[in-house]
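What the coordinates show
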Amino acid sequence: MDKQEFLEKAKEVYKPASYARIVKAFEYAEERHKDQYRLSGEPYIAHPVEVAAILMDLGMDKNSIIAALLHDVVEDTGAKEGEIKEHFGSTVASLVHGVTKLSMLNFKSKEEAQAENYRRMFLAMSNDIRVIIIKLADRLHNMRTLSFKDPASQLRIAQETLDIYAPIAARLGIAGIKGELEDLSLKYLHPQDFKYITSKVAATRDERVQFVNRIIARIDAKLKELGIKAEINGRPKHYYSIWRKMQKGKSFEEIYDLHAIRIIVDTVKDCYEVLGTIHTMWKPLPYRFKDYISVPKANLYQSLHTTVLSSVGVPFEIQIRTHEMHRVAEYGIAAHWKYKQGEKFSTDSNDRKLAWIRNVMELQSEVDDSSEFLDMLKLDLYQDQVYVFTPAGDVVNLPSGSTGIDFAYSVHSEVGNKCVGIKINSKMAHLNTKLENGDVVEVITSSASRGPSRDWLNFVVTPGAKSKIRAFFKKEMKEENERRGKDMLEKEVKRRGYNLSELLSCDDWKSYILKKYNTTRQEEIFAMIGYGGLTTNQVAVKMIDCFKNQMSKENVLDIKPVQAQGAEGGGSGVLIKGYDGFLIRFSHCCNPLPGDKIVGYVSRGRGVSIHRADCPNVAGYEPERLIEASWPAGIGEKFTASVNIEGDDRTGLFSDVATALNNMKIYMTGISAKADKEVGTAVVTVTMEVDNLETLDHVINKLRSVKGVYKVYRKSK
């Protein structure tokens, strides 16, 4: 398609304002690529124009067309993404960024670069599905012009197309692109087979056309007699589909569904009425009927499929669908486009059109290694589907060969982790029983379950189940290492005459140790000790040094001399029974507040540390060094307290908590959040200044009313 043809076609499809932006993008791309040529010898601009033309045929929006025209300018011409954003807006810049390859980065191998490209592509498409649709159009035109590449490149690109891009097009329901990608891949991967099949198809073409036309005429006459409006046409079978059947041992002559008829009607009711009519006209073949209307495929494909036997003994397939079903079958996710009036494409969790993409994104978030992600992606793409039902009647589609455990993890990771039994069609079944179409599957769970078995990895087939089982054991071992490491460190510092909780309250050691070992959590340090990555001596020595330094600063700056108060007295307003003149400091492990029952602990040379009476650390102290302490009436100071807010992992939770505290005029000295993506929860930790326990209780009650919050509690340490 030359420049004039492309612009004339765009002018017919898009509104004047959109067309003007497309012309601007065309001229920009043309200027950027002006000195570049393809291997075919034609100007490079021909490639982005053809990609944009493919997208126009799919009915894509103006931003997709503009991004297609510009998709190679950043990678191949040195244009900057900021320049794209300035001239064509952030949406187009984001699309171009998503499509651009990672050619500027250094990888250990071509395989690693390829795997990371796929990972980036799926990350981008999770934000905007147009990225993958542009990528598919780009790959389709490259396959159409693959003959200009050297033989080695032809094989590599064709195999990659067959492994990744064609299955993605299938998953997204874009049948036209999927079929052409497969046929073109076959041409280069198996040239002799391709030549044989195309010659056989060509040799029998006239005979098949006559046969199909006779069938169409009979159906048309019958449906007119019944008053059913319908479009009827023949459907040629793709070469790759024929080749796959021949690989299973069939000869070309034995592939009966070379003869295929498609009937498109107005309503679902008409679909079933036409099906009944067809079965009265020809004898249906057993086990060759499929109802994808009541149970759609994973990519939302819907049709009735039946194979019948003609009067001369030739079997042929008939597909029956509505106009809307046909639109979805041909264009897939592009048929549901919602950008046309400026409405953003829905990524709501109930939108089944994006279910597979969400599954892929969940998979990539659980796999750290790009190559592992690619392997699991291929496994997910290649599986045929089996359709099963929940006890409530909901349809769940899983890869063929899936077991009850795969089903359990498809519901939720916790359902899988707590699974202790499976019922199939109301009967108990082994956990590794393979599911079949139509099975009703019920998962039996127990809160007492200790989690999945490692043996499950030997029979589950879905990437999601595999990654969630591995994540469980990774987390379990991590927690075990954390516990072991903390116990080892606690014994070491106790041997040296210190208490671990007090040492952990020192900020200096955190900033040094955590930074040194590139982590933000002290639990990671415990885990390193637990599995032998660090010694207790390495950590304990530094902790004690930091604690001593901090204590010397506190004694000079923070602890005030005590005014004489007779028989009972202490610093900072706390009353120490029977003693006077103590240096007082409040323990960071439990942050006591006026209103809490408190107790004093006499430290060696560091005065008295005040703890809550129920502080877990107090139980481990030497009893003879504990002394009674109490609050005086009307103490007017501010004290530090920390609370944890547990809730749903949702956008805005962090800011809603901060807003609630601000509305209560509570001064925050620190706030942080941590999300657990696997279970969909989040914990917001807030450190604040309050004057007493009553104020803190009031704050906690208010925070419980924040949307999505189900638990608020004071941190004990």
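The model shown is predicted, which means the values in this text are computed figures rather than measured ones. (Residues numbered from 1 in each chain as written. Predicted model: local features only at pLDDT ≥ 70, side-chain atom pairs only at ≥ 80, totals over all residues. Heavy atoms only, no water.)

1. Here's the deal with the overall build of the chain
The secondary structure content of the chain amounts to 27 helices and 20 strands. By the burial criterion, 48% of the 717 residues in the chain qualify as buried. In the chain, the share of contacts with a sequence separation of at least 24, taken over all contacts with a separation of at least 6, comes to 63%. If you sum the accessible surface of the chain, you get close to 36,000 Å²; carbon and sulfur atoms cover 50% of it. (Helix = DSSP H or I, 4+ residues; strand = E, 2+ residues; numbered from the N terminus. Buried < 20%, exposed > 50% of the residue type's maximum accessible area, 1.4 Å probe, protein only. Contact = heavy atoms within 4.5 Å. Areas by Shrake-Rupley, 256 points an atom, 1.4 Å probe, with all protein chains shown as cover.)

2. Focus: the pattern of salt bridges
Evaluated as defined, the whole model comprises 15 salt bridges. Lys3 is paired through a salt bridge with Glu30; the nearest N and O atoms lie 3.5 Å apart. With Lys3 in helix α1 (residues 3–13) and Glu30 in helix α2 (residues 16–32), this pair connects stretches of sequence that are 27 residues apart. Residue Lys3 is classed as partly exposed on the basis of its relative accessible area, which comes to 37%. Judged by its relative accessible area of 29%, Glu30 falls in the partly exposed class. Of the charged contacts, one joins Glu182 and Lys178 as a salt bridge, the two residues approaching to 3.4 Å between their closest N and O atoms. One end of the pair is Glu182 and the other is Lys178, both in helix α11 (residues 175–189) and 4 residues apart, which spans about a single turn. (Salt bridge = Lys/Arg side-chain N within 4 Å of Asp/Glu carboxyl O.)

3. Quick notes on the sheet that holds strand β17 (residues 639–648)
If you trace the 4 strands from one edge of the open sheet to the other, you get β18-β19-β17-β20, paired in antiparallel fashion. The two strands at the open ends of the sheet, each matched to only one other strand, are β18 (667–676) and β20 (709–714). The sheet shows a mean angle of 20° between the axes of neighbouring strands, direction not considered. By the bridge criterion, 9 bridges tie β18 to strand β19 (residues 681–690) in an arrangement that is antiparallel. Looking across to β19, one finds that Ala675 is bridged to Ala682. (Pairing = 2+ DSSP bridges. Axes fitted to C-alpha atoms, helices over the stretch in contact; angles between N-to-C directions.)

4. Concerning empty space enclosed by the protein
For the coordinates displayed, the defined rule picks out 1 cavity of 30 Å³ or more. In this structure, the largest cavity encloses a volume near 30 Å³. Together, Ser501, Glu502, Ser505, Phe547, Arg585, Ser587, His588 and Cys589 line the largest cavity. When its residues are assigned to classes, the lining of the largest cavity shows 2 nonpolar, 4 polar and 2 charged. (1 Å grid on protein atoms, 1.4 Å probe; cavity = no way out; pocket = protein on both sides within 12 Å on 5 of 7 lines; lining within 4 Å. Points joined across faces, edges and corners; volume = space filled by probe spheres on them. Nonpolar A, V, L, I, M, F, W, Y, C, P; charged D, E, K, R; others polar.)

5. Some points on the environment of Lys200
Among the structural elements, Lys200 can be located in helix α12 (residues 191–203). Since its relative accessible area comes to 23%, Lys200 is described here as partly exposed. Taking the C-alpha atoms as reference points, Lys200 and Phe252, 52 residues apart in sequence, are found 7.9 Å from one another. Apart from residues lying up to four places away in sequence, Lys200 is in contact with Phe252 and Glu253.

6. Brief notes about the environment of Asp648
Structurally, Asp648 can be placed in strand β17. On the basis of relative accessible area, Asp648 is assigned to the partly exposed category, the value being 38%. Dropping the residues within four chain positions of it, Asp648 is found in contact with Leu653, Gly680, Thr681, Ala682, Gly708 and Tyr710.

7. Some words on helix α19 (residues 404–411)
Counted residue by residue, α19 has 6 buried out of 8 residues, so it is predominantly covered. Residues of α19 that are buried: Gly404, Ile405, Asp406, Phe407, Ala408 and Tyr409.

8. Here's the deal with the pairing of strand β2 (residues 260–265)
By the criterion of burial, β2 is predominantly enclosed, with 6 of the 6 residues buried. Neither face of β2 is open: one carries Ala260, Arg262 and Ile264, the other Ile261, Ile263 and Val265, and all of them are buried. For strand β1 (residues 230–234) and β2, the ladder comprises 5 bridges, and the chain directions are antiparallel. The residue bridging Ile232 from the neighbouring strand is Ile263, located in β2. Sheet analysis places β2 next to strand β6 (residues 315–322), joined by 6 bridges and oriented parallel.

9. What about α1?
Buried within α1 are the following residues: Phe6, Leu7 and Ala10. Down the axis, α1 shows its buried residues gathered within 90° of arc, on one side only. Pointing more than 90 degrees away from the buried face of α1 are the exposed residues Lys11 and Glu12. Buried positions along α1 lie against α2, α3 (46–57) and α4 (62–70). (Arc of directions from axis to C-beta.)

10. Here we look at unusual backbone geometry
One non-glycine residue, Asn425, lies in the positive phi region at around 55°. By the secondary structure assignment, Asn425 is in the loop between β9 (419–424) and β10 (427–429). The backbone of Ser426 shows a phi angle near 70°, a positive value even though the residue is not glycine.

11. Describing the packing of helix α6 (residues 81–88) against helix α7 (residues 90–99)
Interaxial distance between α6 and α7 falls to 7 Å at its minimum, and their mutual angle equals 145°. Seen from above, α6 lies across α7 with right-handed handedness. Judged by residue contacts, Glu81, Ile84, Lys85 and Phe88 of α6 engage Ser90, Val92, Ala93, Val96 and His97 from α7. Split by residue class, the contact of α6 with α7 holds 5 nonpolar, 2 polar and 2 charged. (Left-handed = near helix turned anticlockwise from the far one by under 90°.)

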